[in-house]
Amino acid sequence: MSTGCPPKAFVSKIALNPFIVESPEKLQAKDLKDLFVEKYTQIEFLKERKHTFLWGSRGSGKSMMLRYLEPQCQALVHGSVEKFLEKENFIAVYCPCKEGQINKTDLRLLNEDATSIITEHILISYVVDQLIACIPTQFPEPFFDAETSLCLAEGIMKFFDRASVVSSVEDVNQTTDFRKEPLVWLREFFAADSRKLAKFLRDSSLSGSHVKYEGATTGYHDFLLPCLKNFQKISKLNLPIYVMLDDADRLSKIQQRIINTWIANRDQATVCFKISAQQNGYSTFLTRSGGLIEQPHDYSEIDVDELYTSSKSDYEEKIRLIAQRRLELSTLKTKNILEVLPENPVEHKLYERIRDETASEWDQKNRPGRKEDYITRYGKARLFQYLKAHKTRKSYAGFHNLVHLSSGVVRDFLEPCYIMFDKYRTTVKDPSSILSIPPGFQDDIIFKYSEEFLLDRPDRIKKDLPVERWSLVDKLATLIESLGKLFYERLHDPEAREARLFSFTVRGNTPAEIQEVLNLGLEYRYFQRRTYSSKEGGGREKWYVLHRRLCPVFKLDPTGFEGRISLTSDLLKIACENPAQFVRLRLKHAEEAEGKGLDFYLEKGD
Amino acid sequence: MLKKLKEKGLISTLKKGIKVTEKRLDFIKTEGGLSPIGKTSDDLLFVCASFEPRTTTATECLGKSYRAKNGLLYYNNSEASSDIVKTNLEKLRRLLELKCDRVRTIEGSVNDPVKQFKAIKDAVLDIRASNSFRAITIDSTTFNREALLVAMALIRTNHSSAMTRVLYVSPFKHGDWLSRGFREVRSIIGFPGIQRADQPTMLIVLSGFEPDRVTKIVEEHGPDKVLLGFGNPPTQQSFLERNIEEQRKIVFSKQDVERFEFPANSIKACHDCLESLLKDRLPSHNVIMAPMSTKLSTLGAFLTVEAHPEIQLTYCVPGEYNTQNYSQGATSVFVEMISPKT
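Here the structure is a predicted model, which means the values were calculated and not measured.

> I'd love a proper account of the sheet that holds strand β2 (residues 91-96) of chain A, names of residues and values included.
Residues and elements named next belong to chain A. Spatial strand order, β2-β3-β4-β1-β5: 5 strands in an open sheet with parallel pairing. Edge strands, defined here as strands with exactly one partner in the open sheet, are β2 and β5 (300-303). When the angles between neighbouring strand axes are averaged without regard to direction, this sheet yields 20 degrees. Alignment of strand β3 (residues 241-246) against strand β4 (residues 271-277), held across 5 bridges, turns out to be parallel. When the sheet's bridge partners are listed, Ile 241 is paired in β4 with Val 271.

Here is the structure:
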């Protein structure tokens, strides 16, 4: 067998490239502490004694937030485990939900009641097993002494129905001494119980005769809650356990309903559930009995993706702090991200000049509105129009631009930076001498990164979907092209009243097929959805903002798109089929509307 | 029959199985074809009808003297509307009716694991009622891997003293692409495995010509370590280059990957290879295995998991198969015996 290179420690990887992205699950506590920036993450809100859903796209930093709360990492943050436990009011247990681990296909063969009972037992065993596993890995050795460990193990075992665990206990006793190594014994017991369950699932699937499950079953009230209370008492910590279920969108619907049922109990003094998921993958808020868990009574929620849309400056600051941390861990001499990623100086000068000209224009036009608003609205548009007229490529280089292009997802900032740094390293003799990545080099990578999103990504999405949904991907790609072309026309039209557009709303009811296209766009992050108060009153309406990564390929401005256009479902349908026709019709409508003095392009949303 | 072929130098002996080489297929047919495993009829002949031309080859190689008490003919209902499948299904049904005392057709669904499993289970249990089986011949060639694994598990659980003869037909060539798109990654029923919270997850992939499916399965499981294997030796030498080329396309930036080779042309040799691969790793890892290469290596994985039920078997359901050009022709038949479970 050929053996590949052994995996490098993260610290040596980041030394070479400060923008490397590693799965949080693989990071050591020290790496997590070094990399994680608390500011602007709502981590304090996550720490609160509440059941919490943590929503966010893949790569938005959910797992990082959860793992940051683990005791070992928190001990490093606070200086020692004692200080951590003194300052914070929780013990967090990280429970990743991996494909096939909890969600086994065999369960689909059981009847509803059996599935529910067995599934709850699997989930509870998993949580308690993770809690036991975290004692030796997350706490320093003397923290749980032999006597405490023995009490803990006894405390857990007493909640099992004895008859149901006899054979597992006997199995484990043959290899491990309960009194000498109580926690090891407990781990082996859970493994034995898991074997018994797996054998039941296998036998009941494959055997022709009826198979009776003779292993343990555990429930929330008769096992999980008393076990955790016991843990609080024996460990003398008296702190609630935060059960952090990561990627809960991978769980089956029945498993999600079981978790919702636990949440509905509101036992936050003992246990809080911190559940991370992609929002569209968490398919139900129903409990097992059909009740509904609701915000804010039962749980609170954090949307990790929201920061950018709610405060661009906070998001930029967050990215700056993250980049700063990474630069400090790298061998790069420069520790200032603004120096590492400089913007194009020629274009910067040009923009300064255009701003001055736009300011003069404001004076000449009798000072409509506020001066700064006028410059913001028209200055950038004039820059794009100038570059087009002079056949000059728009530069998207520079830290600020890259922050905007990432559209609120940290990984979307790090990834292009990783690629440009990696490639640039190969062009210089001594990589450690790199002080910055030239704007032209940045631009080449940024453009390819944008182009890949528009042209290659749809083919990759198709690989994720059954063939009958491929036409939706084609429609989505066409819709993106239509919108990109329309926004380009507006931005490069010197007469356009509102040029810097990048978002749209849908007027009237959206047909099911179009809604499917929009949902697909949300799922694969071509759009972000926000809401705004409808002018007619009575609620909020949906507002779709394109991912800014598309800007370079369409030559659009990534720095702010408060304006939005309104589209009818008929026009949206055309946009999904024929970009040229869509752009023609939409521009014609705009001219007519503007000619009549109508407010065709809507202004800022809230 | 095999003795005769061997005397004439028309077969080669692999590590454990037998490969009846290309051009000799006609010879097999004209010289009497394959006989039952023992002196009397086989208890069961299990075949699958699909869109591939080679789907009927092994059954056509059965000799005039071949008889089975029961014939099971499996097909996937999502392909049933295809004219090629209809034709192959009908052809196989006629062939089975000539060879078997009773023939039952089983409709499964690759898109519905419960339906697929229940259909095969009902049929296997139904025929069990008649007797305990001693001799079973299964043509593994065109079953989807999940259905094949489920069928083998059901047969060996419910007919544990039966000798199983596995037939596999290697095609002349494969299409440019075999499958595309994605529906679901799921554990295979009957192989749930055991996962311990204190152990890292290792995914062992026996890869073939479908790099996208491999990528998807790795993405979905997010293992701590990947053992990525490609078939060498392949079922025929000309496939080796493509095996290597397809594996090169599989790149994981965030995974710790080790590459290895496994015999794709023999059940037992592949089983031995996997056993040695697992020897030092199984005690310290939660192992998930994804057989995605030939059916012979898939059954090698089956024997490994049968011996180590703590391993989970996983399956990636593709969006669609290349029904028009999945494979062309048939060059050789592999024949391999699997000893009774008890």
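Let's pick the thread back up.
> An account of the sheet that holds strand β14 (residues 312-321) of chain B is needed here, citing residue identities and associated values.
Residues and elements named next belong to chain B. Read across the sheet, 6 strands follow the order β9-β14-β13-β10-β11-β12 without closing on themselves; strand pairing throughout is mixed. Two strands lie at the open edges of the sheet, namely β9 (179-187) and β12 (256-262), each paired on one side alone. Mean inter-strand twist for the sheet, computed between neighbouring axes without regard to direction, equals 25 degrees. In this sheet, strand β11 (residues 225-231) lies alongside strand β10 (residues 201-207) in parallel orientation, the contact comprising 6 bridges. Paired with Leu 206 across the two strands is Gly 229, which belongs to β11. Strand contacts of helix α9 (residues 267-278): β11, β12 and β13 (286-291), with the helix running at about 145 degrees to β12, the strand carrying the most contacts.

> With reference to specific residues and values, describe the interface of chain A and chain B.
Where interface size is quoted, it is often the accessible area lost as the parts come together. Chain A puts 37 residues into the contact, and the matching count from chain B is 43 residues. Of all elements in the fold, only α7 (112-138), α10 (182-206) and α20 (439-463) of chain A reach the threshold of two or more residues within the side of chain A that touches chain B. With 9 residues, α10 of chain A is the largest single contributor of residues to the side of chain A that touches chain B. Of the residues in the side of chain A that touches chain B, the class split is 12 nonpolar, 12 polar and 13 charged.

> Let's hear about the confidence of the model for chain B: which residues, and what values?
Confidence along chain B averages 86 in pLDDT terms, with 89% of residues attaining 70 or more. Taken over the whole predicted complex, pTM reads 0.85, whereas the ipTM for its chain interfaces reads 0.89.

> Please set out the pairing of β11 of chain B residue by residue, giving values where relevant.
Regular strands place their side chains on alternate faces of the sheet. Residues and elements named next belong to chain B. Counting buried positions along β11 yields 6 of 7 residues, so the element is predominantly enclosed. The β-α-β motif built from β10, the intervening helix α7 (residues 211-221) and the parallel element β11 has right-handed crossover chirality. In terms of strand pairing, β11 meets β12 through 7 bridges, oriented parallel. From the neighbouring strand, Gly 229 faces β12, where its bridge partner is Phe 260.

Calculation rules
Residues numbered from 1 in each chain as written. Chains lettered and ligands numbered in written order. Predicted model: local features only at pLDDT ≥ 70, side-chain atom pairs only at ≥ 80, totals over all residues. Pairing = 2+ DSSP bridges. Helix = DSSP H or I, 4+ residues; strand = E, 2+ residues; numbered from the N terminus. Axes fitted to C-alpha atoms, helices over the stretch in contact; angles between N-to-C directions. Contact = placed C-beta atoms within 7 Å. Nonpolar A, V, L, I, M, F, W, Y, C, P; charged D, E, K, R; others polar. pLDDT = per-residue confidence, 0-100. Buried ≥ 20, exposed ≤ 12 C-beta atoms within 10 Å, placed from the backbone. Right-handed = clockwise from strand over helix to strand, strands pointing away.

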